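These are the residues of each chain, in order.
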Amino acid sequence: MMIGKNKKIHLKLKVLATAAARYYNVPISRLLGKSKCAVYARPRHICMWVSKNAGYDSIDVAKFWCLHKSTIYAGSQQVQLRLVGNAKVQADLRRFLVYLTAYMKDPSSAKK
């Protein structure tokens, strides 16, 4: 049973995952699953990257995703590498971050 800080972190990561599932139009169950299919893995990796850059501990993020912390690192690195010199990826990530900010304030009013 999670209590205190861990529960708050879990809830924030769940909001992040739910926002990503809605933004990228994938079922949350598939996003949280183990599929390596790009349509699910890419948004999952973006969530890992956002979590890492928001300052969450990789162990907490790994627990949420039911993965090893090295997988969180690898997923974050994939996003970071794709961002370098790729304007399309950068623009997509910026749009997602704007959406995520709006979603966290009011999920019903967040628009792509």
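Remember, predicted model here, so these are calculated numbers, not experimental data.

### Here's the deal with the nonpolar core
Nonpolar side chains tend to gather and get buried jointly when the protein is soluble and globular.
Consideration 1: Core analysis: the biggest nonpolar cluster contains 31 residues, and Leu-16, Leu-31, Ile-46, Val-50, Trp-65, Phe-96 and Tyr-99 have the highest contact counts within it.
Consideration 2: Elements with a contribution of two residues or more to this core: α1 (4-23), α3 (38-53), α4 (58-65), α5 (69-83) and α6 (87-105).
Consideration 3: Examining the composition of this core, we find that 8 residues originate from one element, α1, more than from any other.
Consideration 4: Residues within four places of Ile-46 in sequence aside, it is in contact with Tyr-24, Val-79, Asp-92, Leu-93 and Phe-96.

### Brief notes about the pattern of salt bridges
Side chains that differ in charge, positive against negative, can pair when their charged atoms come close.
Consideration 1: Across all of its chains, the model carries 1 salt bridge by this definition.
Consideration 2: Where Arg-42 meets Asp-92, a salt bridge forms, and the shortest distance between an N and an O atom there is 2.8 Å. With Arg-42 in helix α3 and Asp-92 in helix α6, this residue pair connects regions lying 50 residues apart in the sequence.
Consideration 3: On the basis of relative accessibility, which here comes to 30%, the residue Arg-42 falls in the partly exposed class.

### Some thoughts on the environment of Leu-31
Consideration 1: Mapped onto the secondary structure, Leu-31 falls in helix α2 (residues 28-31).
Consideration 2: Between the alpha carbons of Leu-31 and Thr-18 there is a distance of 8.8 Å; along the sequence they are 13 residues apart.
Consideration 3: Apart from residues no more than four positions distant in its own chain, Leu-31 is found in contact with Ala-17, Ala-20, Ala-21, Val-26, Tyr-40, Pro-43, Arg-44 and Trp-65.

Conventions we followed
- Residues numbered from 1 in each chain as written.
- Predicted model: local features only at pLDDT ≥ 70, side-chain atom pairs only at ≥ 80, totals over all residues.
- Heavy atoms only, no water.
- Core = buried A, V, L, I, M, F, W, Y, C linked by side-chain atoms within 4.5 Å.
- Buried < 20%, exposed > 50% of the residue type's maximum accessible area, 1.4 Å probe, protein only.
- Helix = DSSP H or I, 4+ residues; strand = E, 2+ residues; numbered from the N terminus.
- Contact = heavy atoms within 4.5 Å.
- Salt bridge = Lys/Arg side-chain N within 4 Å of Asp/Glu carboxyl O.

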